[in-house]
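# Structural features, examined
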Amino acid sequence: MRYAETGFNLEIDLSRGSIDQVESDPGDTELYLGGLGTNAKILWDRVPPEVEPFSPENLLIFGAGLLCGTPATGCNRTIVSTISPQTKLMAFSMMGGFWAPELKYAGYDKVILRGKSTDLVYLWIKDDRIEIRDASHLRGKGATETAEQIRQELNEPKAQVAAIGLAGENRVYFASIEQGRSSASRLGIGAVMGDKGLKAIAVRGTGDINVAQPAEFLALCHEVLEYIEFRNQNPIPGVMAILQGLGSPQEMATHDEKWHTENFMWGNSRVRRKGFWTDEVKAAWTQTMEGMRTRLISCYNCPMKCGATISPPGQPTYMMKCFSKLTYTMAAMSDLDFGMKIAQHATEYGVDGFSTPQVMAFAIELYENGILTDADMPGLPSDNEGRFYWLLDRIVRREGIGDILANGTYWAAKEIGNGAEEYAHNNIKKHEQLPLKLSMLNPIYFLMYATGEKINITQIEGQFPQAPYPKREHREAFVKDWIQVPDEKFKQYFLDWELRGENSIPYYPTVQMCCDIVDWQEKMHYIDDALGMCAGLSSFPLKPPYHIHNYPKFISAGTGIAMDEDKLSQAAKRYRTLVRAINISRGMRRKDDKPPQNHWKKRFPELEKELLDTYYKFKGWNSEGIPTKASLDELGLDYVSAEFIQRGILKEGDDSRPEEATTAELTQE
Ligand code: SF4
């Protein structure tokens, strides 16, 4: 018997219309866990670097995390993996909500889609009854509207539906997959779903998931629930509100937006508005939120209530969580009322709430600087808000200039030319990032931004405080109950971190310490993404209930696989390296490992080089960022090293990048 996982994947070929229930290899679970880990293994095995994002050979994998469907609190993530049209690299975008547990209860760990349907279809999974159904009547419909209509026509009010809107159908590079209380937004996975002719996947499961040691597992779950209660009652002092507790930042519950509105950039990531947050603004925004927020809501099996249903006057209700509350508002230099209203349209269209406003602000900046003209923008309204609605409609329909903008700022700037590339200034690996422009280089964030392949908005942060506490006594108090650290040395790193003087950024934490910190942070995110755990309860907060010390116990009691911290760390390193290997095989190199040029005003090129050199070595990568043969073989990824040698990416016995590989490299541009 398989525990925690079902042991079966659904393989759907949309070209042929075939449906297969395929048993997965339990050996892969030990090596790659599940979710992201096994998604990466499947992509490596079956999608070679020559396959383009919109090829029928590209796979779109909906992977439930290994512990989804068990009673583990907050474990509900679906990890959607494919090759991104935006970056041409591996995408893995997560969604919370209820979909992954439902899939497990239907009897499957993953839905693996290949091929393309000539007609628009949707997939209906009801336990072992699976149908590919006509969706032509859903063409052009919104994502939430589609989900509701499917539930009605199936007469299955409890079905969980992941759907795309018009943006996905039209292959907008930042199209999302929406799913009730959540969405998988980053890297254009909705565009790949649309390209495959798949409007939605509806799932209803009535089975059970077995755990190997139920009493032990439930005892661990109780400990986590008790800790959540404790932390909710005892916020961490001395840090900003969003870092004091648990869950994703409680944007739907909070009214104080001074920190975001005054520190993040407005417009096309250009303008900071110090002094913006006045009593009048706060009163108006509070009234807006109170007037539209109908209910605070949670994902499956979680008490945190990070999301909310939003009902703008005269518009359908939709769900929102996190920072997209502000992204449209700040990009359009407008107010919260506008942001909450346009987000309803954007959710139905199914677009990424981070990229979309940046793309629109970029277009307006080009227009204001004469790079785009009235000929490109016929009928563009004169007010900023009107312009945003105008642009959104054209982007999701790929009409006129919208067809170019639908490819994101990086590709759009190349196509527009005439100096437009200067305005696409906020990308990493061709993808729009958090609109933050800061003064002094932060070496920890430099490494995270440069080398992160998750390419999500928060990269891989969490666990370690973002800034030093001014007073040592406060730092001493902080480390006292810091049980989450994988090693006591992290406490010392933090204790010695000062705001000013020798032990301050950019030279402290030292290069070696930065490597340790970033590696720890990244490892926890990658473990979450394999287990299906919400980062809001594990890798993102400072003192979360899940950590490297209790995760092995959850995995052992849940799956029956004997797990300890070393074995778990090694597994995470294995599939993290596999993700990098997929991207390396697609041409990613050191040149791509860099933050936006103007992310920090004060840069330190020598330090940055040392950081990257040292981190590469620490990770077992050569000077080009390619995992060496020795490090691949040590992780059991000898099939990767063999392929790298065959493709000329590595040479036998040589951990440096051979010259001739330059020409053999698959370029992305
Ligand atoms: S912490 Fe928040 S985002 Fe995470 S599972 Fe719970 S409700 Fe969802």
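For the structure, see preceding data.
All of the points below concern the structure found in this document. (Residues numbered from 1 in each chain as written. Predicted model: local features only at pLDDT ≥ 70, side-chain atom pairs only at ≥ 80, totals over all residues. Heavy atoms only, no water.)

### A look at the packing of helix 16 (residues 443-451) against helix 22 (residues 605-619)
Which entries qualify depends on this criterion: Axis angles are defined between N-to-C directions and span 0 to 180 degrees, where every axis is a line fitted to C-alpha atoms and, for a helix, only to the segment in contact. In this description a helix means any DSSP run of H or I spanning at least four residues, a strand means any run of E spanning at least two, and both kinds are numbered starting from the N terminus. Each crossing gets its hand from how the near helix is turned against the far one by less than a right angle, where anticlockwise is left-handed and clockwise is right-handed. Here, residues are in contact when the closest pair of their heavy atoms is within 4.5 Å.
Remark: helix 16 packs on helix 22, axes separated minimally by 10 Å, with the N-to-C direction vectors making an angle of 60°. As helix 16 packs across helix 22, the resulting crossing turns out to be right-handed. Listed contacts from helix 22 to Pro443, Phe446, Leu447, Ala450 and Thr451 of helix 16 are Glu608, Leu611, Leu612, Tyr615 and Tyr616.

### Some words on the pairing of strand 5 (residues 90-95)
Which entries qualify depends on this criterion: For every residue, the accessible area (1.4 Å probe, protein chains only) is compared with the maximum for its type, and the residue is labelled buried under 20%, exposed over 50%, or partly exposed between those bounds. Two strands are said to pair when DSSP picks up at least two bridges between them.
Of all 6 residues in strand 5, 6 are buried; the element is thus mostly enclosed. The two faces of strand 5 match: Met90, Phe92 and Met94 on one face and Ala91, Ser93 and Met95 on the other face are all buried. Across 6 bridges, strand 4 (residues 78-83) lies against strand 5 in antiparallel orientation. Following the sheet pairing, Ile79 is matched in strand 5 by Met94. Linking strand 4 back to strand 5 in an antiparallel pair, the connection comprises 6 residues, with Lys88 at a positive phi of about 65°.

### What about a positive patch on the surface?
Keep this limit in mind: A patch is a set of surface residues, each over 30% in relative accessible area and not in a salt bridge, joined within 9 Å for like charges and within 5 Å for the nonpolar side chains Val, Leu, Ile, Met, Phe, Trp and Tyr. All accessible-area figures derive from a Shrake-Rupley calculation using a 1.4 Å probe, and residue coverage is judged against the displayed protein chains alone. Salt bridge, as used here: a side-chain nitrogen of Lys or Arg that lies within 4 Å of a carboxyl oxygen of Asp or Glu. Under the convention used here, Asp and Glu are negative, Lys and Arg are positive, and both His and the chain ends fall outside the count. In plain terms, the charge of a residue is placed at NZ if it is Lys, CZ if Arg, CG if Asp and CD if Glu.
On the surface, Arg272, Lys274, Lys601 and Lys602 cluster together into a patch of positive charge. Structurally, Lys601 can be placed in strand 19 (residues 600-602). For Lys601, a relative accessible area of 76% puts it in the exposed group.

### Looking at the environment of Val281
On the secondary structure map, Val281 appears in helix 9 (residues 279-292). In sequence terms Val281 and Asp335 are 54 residues apart; their C-alpha atoms lie 8.7 Å from each other.

### Some remarks on the nonpolar core
Definition in use: Residues enter a nonpolar core if they are buried and are Ala, Val, Leu, Ile, Met, Phe, Trp, Tyr or Cys, with the set joined through side-chain atoms within 4.5 Å.
Membership of the largest hydrophobic core comes to 206 residues, with the highest contact counts inside it found for Phe62, Val111, Leu113, Ile125, Ile201, Phe464 and Phe644. Counting residues per element, this core draws most heavily on helix 19 (residues 511-531), at 12 residues. Residues Tyr122, Trp124, Ala159 and Val161 belong to the second largest nonpolar core, which totals 13 residues.

### A word on unusual backbone geometry
In this structure, the amide linkage connecting Ile505 to the following residue, Pro506, adopts the cis form with an omega of 15°. By secondary structure assignment, the location of Pro506 is in the loop between helix 18 (489-495) and helix 19. Residue Pro509 follows Tyr508 across a cis peptide bond; omega there is -5°. A positive phi angle, near 50°, is found at Lys429, a position not held by glycine. Positionally, Lys429 belongs in the loop between strand 16 (427-428) and strand 17 (431-432). By relative accessible area, Lys429 is classed as buried at 8%.

### Topic: the packing of helix 10 (residues 324-331) against helix 11 (residues 336-349)
Formally: Angle categories: roughly parallel below 35 degrees, roughly antiparallel above 145, roughly perpendicular from 65 to 115, and oblique for all the rest.
With their axes 8 Å apart at the nearest point, helix 10 and helix 11 run at an angle of 110° to one another. One element, helix 10, and the other, helix 11, form an angle in the roughly perpendicular class. At the point where helix 10 passes helix 11, the crossing takes the right-handed sense. Taken together, the residues of helix 11 that come into contact with helix 10 (itself represented by Lys325, Leu326, Tyr328 and Thr329) are Leu336, Phe338, Gly339, Ile342, Ala343 and Ala346.

### Things to note about the sheet that holds strand 4
Taken together, the 6 strands give an open sheet; going across it, the order is 2-1-6-3-4-5, and neighbouring strands pair in mixed fashion. Of all the strands in the sheet, just strand 2 (18-23) and strand 5 have a single pairing partner and so form its edges. The sheet shows a mean angle of 15° between the axes of neighbouring strands, direction not considered. Pairing of strand 1 (residues 8-13) with strand 2 involves 6 bridges; the strand directions are antiparallel. Residue pairing across strands places Glu11 opposite Asp20, the latter belonging to strand 2. On the sheet, helix 2 (residues 36-46) packs against strand 1, strand 3 (60-64), strand 4, strand 5 and strand 6 (110-114) and is oriented at approximately 25° with respect to strand 6.

### Overview of the sheet that holds strand 14 (residues 307-310)
A sheet is described by the order of its strands in space; here 3 strands give the open sequence 13-14-15, paired in antiparallel fashion. If you trace the sheet from one side to the other, it starts and ends with strand 13 (293-297) and strand 15 (318-321), each paired once. Across the sheet, the axes of successive neighbouring strands diverge by a mean angle of 30°, strand direction being ignored. Pairing of strand 14 with strand 15, which is carried by 4 bridges, proceeds in the antiparallel orientation. Paired with Thr309 across the two strands is Met319, which belongs to strand 15. Across the face of the sheet, helix 11 comes into contact with strand 14 and strand 15 while running at roughly 110° to strand 15.

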